[in-house]
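Chain and residue survey
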Amino acid sequence: MSDSTLWWLLAGSAIALELFTGTFYLLMLAVGMAAAALAAHAGAGTALQLVCAALVGSAAVVGWYIRKKRTPADPSVRALRSVNLDVGEIILVDEWLPDGTASVKYRGAQWSVVQRPGRAREPGAHRVVELQGNRLVVEKV
């Protein structure tokens, strides 16, 4: 069996394994294996094929990692109005307790409310931005 065939089989195996695990990084490693297969087709030696696979695969993984870190994260599912109909509703906070919480009447029940981090606690109208367990996370309107 030729070196290029072995590299193509390894790349295909990495792609198949990625389909079972769902990690995108295995696809990046498969790109490195495909680059080694192309190097084998070009007549490169085994050492150069290994270096090619390692460099291209590593560069693809690092590049994808950097790209993923630079893009903003998806909003929490708890903050999506399509999942939780309380998000976006307006509530009235009369007073904040010293522990940073408040108790409000909302939808016929008492709810514990916390302010979104980094915001000043002021009484008045607030918008629900997220649900954390049984607490409403709010921000001032």
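Thresholds, definitions, all that
- Residues numbered from 1 in each chain as written.
- Predicted model: local features only at pLDDT ≥ 70, side-chain atom pairs only at ≥ 80, totals over all residues.
- Heavy atoms only, no water.
- Helix = DSSP H or I, 4+ residues; strand = E, 2+ residues; numbered from the N terminus.
- Buried < 20%, exposed > 50% of the residue type's maximum accessible area, 1.4 Å probe, protein only.
- Polar contact = N/O pair within 3.5 Å; in protein donor to acceptor, adjacent residues only side chain to side chain.
- Contact = heavy atoms within 4.5 Å.
- Phe/Tyr/Trp six-rings, centres within 6.5 Å; stacked < 30°, edge-to-face > 60°.
- Pairing = 2+ DSSP bridges.
- Axes fitted to C-alpha atoms, helices over the stretch in contact; angles between N-to-C directions.
- Core = buried A, V, L, I, M, F, W, Y, C linked by side-chain atoms within 4.5 Å.
- Patch = residues over 30% accessible without salt bridge, like charges linked within 9 Å, V, L, I, M, F, W, Y side chains within 5 Å.
- Areas by Shrake-Rupley, 256 points an atom, 1.4 Å probe, with all protein chains shown as cover.
- Salt bridge = Lys/Arg side-chain N within 4 Å of Asp/Glu carboxyl O.

**Looking at the side chain of Glu139**
- Structurally, Glu139 can be placed in strand E5 (residues 135-140).
- By relative accessible area, which is 16% here, Glu139 ends up buried.
- Within the local environment of Glu139, its side chain forms a polar contact with the side chain of Arg116, the two groups lying 3.0 Å apart.
- Excluding residues that lie within four positions of it along the chain, Glu139 makes contacts with Gln115, Arg116, Arg119, His126, Arg127 and Val129.

**Observations regarding the packing of aromatic side chains**
- Counting across every chain of the model gives two aromatic pairs.
- Here the aromatic rings of Phe24 and Trp64 are separated by 4.4 Å at their centres, their planes lie at 35°, and the arrangement is tilted. Separated by 40 residues along the polypeptide, Phe24 in the loop between helix H1 (3-21) and helix H2 (25-41) and Trp64 in helix H3 (residues 46-70) bring together distant segments of the chain.
- Overall, the relative accessible area of 34% leaves Phe24 in the partly exposed class.
- Assessed through its relative accessible area of 22%, Trp64 is described here as partly exposed.
- With a centroid separation of 5.9 Å and 70° between ring planes, the pair formed by Tyr106 and Trp111 is classed as edge-to-face.

**Section: the sheet that holds strand E3 (residues 109-115)**
- Strand order in this open sheet of five strands is E1-E4-E5-E3-E2, and the pairing throughout is mixed. The open sheet is flanked by strand E1 (90-93) and strand E2 (101-106), the only strands paired with a single partner. Pairwise comparison of adjacent strand axes, ignoring direction, gives a mean angle of 50° for this sheet.
- Across six bridges, the pairing between E2 and E3 is antiparallel. Bridge pairing links Val104 to Trp111 in E3.

**A word on the nonpolar core**
- Counting residues in each nonpolar core, the largest one holds 12 residues, listed as Ile91, Val93, Trp96, Ala102, Val104, Tyr106, Trp111, Val113, Val128, Leu131, Leu136 and Val138.
- Put simply, the parts of the chain that give this core at least two residues each are E1, E2, E3, strand E4 (124-132) and E5.
- Residue contributions to this core peak at three residues, all from E2.
- The residues touching Ala102, leaving out its near neighbours within four places in the chain, are Val93, Glu95, Trp96, Trp111, Ser112 and Val113.
- Core analysis: the next-biggest nonpolar cluster, separate from the first, contains nine residues, Ala11, Ala14, Ala37 and Ala40 among them.

**Brief notes about a nonpolar patch on the surface**
- Where nonpolar side chains cluster on the molecular surface, the patch consists of Met1, Leu6, Leu9 and Leu10 and spans about 440 Å² of accessible area.
- On the secondary structure map, Leu6 appears in helix H1.

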